[in-house]
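Analysis of the macromolecular model
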Amino acid sequence: MSTDDTDVIPVVKGDEEDEHTGAWWWISRIVSYTLLAAMLTILAATVVIPRVSGSTPYTILTSSMRPTYPPGTLVVVKPADRSELTVGTPVTYQIRSGEPEVVTHRIVATQFSGDGITTYITRGDNNGSDDENPVRYGQIRGKVWYSIPYLGYVNNWLNGEQRRITVTVIVIGLGAYALYMFVGAGNDYRKQRRESRAP
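In this report, we go over the structure that sits alongside the text. (Residues numbered from 1 in each chain as written. Predicted model: local features only at pLDDT ≥ 70, side-chain atom pairs only at ≥ 80, totals over all residues. Heavy atoms only, no water.)

**Overview of the pairing of strand β7 (residues 140-148)**
Rules: Pairing between two strands requires that DSSP report at least two bridges joining them. Secondary structure elements follow DSSP: runs of H or I no shorter than four residues count as helices, runs of E no shorter than two count as strands, and numbering proceeds from the N terminus.
Note: strand β2 (residues 74-78) against β7, five bridges, orientation antiparallel. What sits directly across from leucine 74, in β7, is isoleucine 148. Across three bridges, strand β3 (residues 90-94) lies against β7 in antiparallel orientation. From the neighbouring strand, valine 91 faces β7, where its bridge partner is lysine 143.

The structure is reproduced here in structure tokens:
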């Protein structure tokens, strides 16, 4: 009497096969990476890039610069030399010298006084006439370097103490997320090695 040797083939459950390939896994990954990219973009545009470059973020509050910069647009203003302040350049300047209130309008002309002082005539893109008072170089905070629509509302919210707290929370959150992804990748790698060694 003979006995047949029969190999036992382990049955792999479908749930285990789909653990990292199912629709929900892909959706969660796409959403998490999209949120991560959005947070990094906001953090970079409103805090990191301006601070590193010595620029200042401002928010457009009125419609005077439509359609170029509608209300809510974030404009990042970089200090500019006199040679860069040419006709057509959008600049942010103090409405009254030495006071904090500023406005962002475009240079439309330059004037030279008899004593050698240069002043700039400005106008909002959406305005029908030039601004009332010429602008001196000392009033100009800089020229517009880049702008992002709607992000100005976020910049307005992230002011003072709120900015410091929010940036701290985002940095801690990104660090925790990166650690979670690193640990998860390590666990997946070890699991795959164990499965490949299994008889």
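**Here's the deal with the pattern of salt bridges**
The line we're drawing: A pairing counts as a salt bridge when a side-chain nitrogen of Lys or Arg comes within 4 Å of a carboxyl oxygen of Asp or Glu.
Inspection of the entire model under this criterion finds four salt bridges. Close ionic contact of aspartate 125 with arginine 106 constitutes a salt bridge, the shortest N to O distance being 2.8 Å. Here the residue aspartate 125 occupies a position in the loop between β5 (118-123) and β6 (135-136), and arginine 106 occupies one in strand β4 (residues 102-112), the gap between them amounting to 19 residues.

**Observations concerning the side chain of histidine 105**
Threshold: Contacts described as polar in this section are N or O atom pairs within 3.5 Å, which, within protein, must combine one atom able to donate a hydrogen with one able to accept it, while residues neighboring in sequence count only if both atoms come from side chains.
Mapping histidine 105 onto the fold places it in strand β4. In this structure the side chain of histidine 105 is engaged in a polar contact, spanning 3.0 Å, whose partner is the side chain of serine 64. Side chain to side chain, histidine 105 and aspartate 131 meet in a polar contact 2.8 Å long.

**Regarding helix α2 (residues 23-53)**
Rules: Residue count minus one, scaled by 1.5 Å, sets the expected span of a helix. Take the seven residues that end at a residue and the seven that start at it, fit an axis to each, and the angle between those axes is the bend at that residue. Exposure is judged per residue with a 1.4 Å probe applied to protein chains only, and the accessible area is read against the type maximum: over 50% gives exposed, under 20% gives buried, and values in between give partly exposed.
Compared with an ideal rise of 1.5 Å per residue, which puts 31 residues at 45 Å, α2 spans 42 Å between its outermost C-alpha atoms and is within 8% of the ideal. Approximately 50 degrees is the largest bend angle found in α2, and it occurs at alanine 44. Along α2, the residues classified as buried are Ser32, Leu36, Leu43, Ala45, Thr46, Val47 and Pro50. In the stretch just after α2, glycine 54 is the one whose phi turns positive, near 75 degrees.

Remember, this is a structural readout, not a statement about activity or role.
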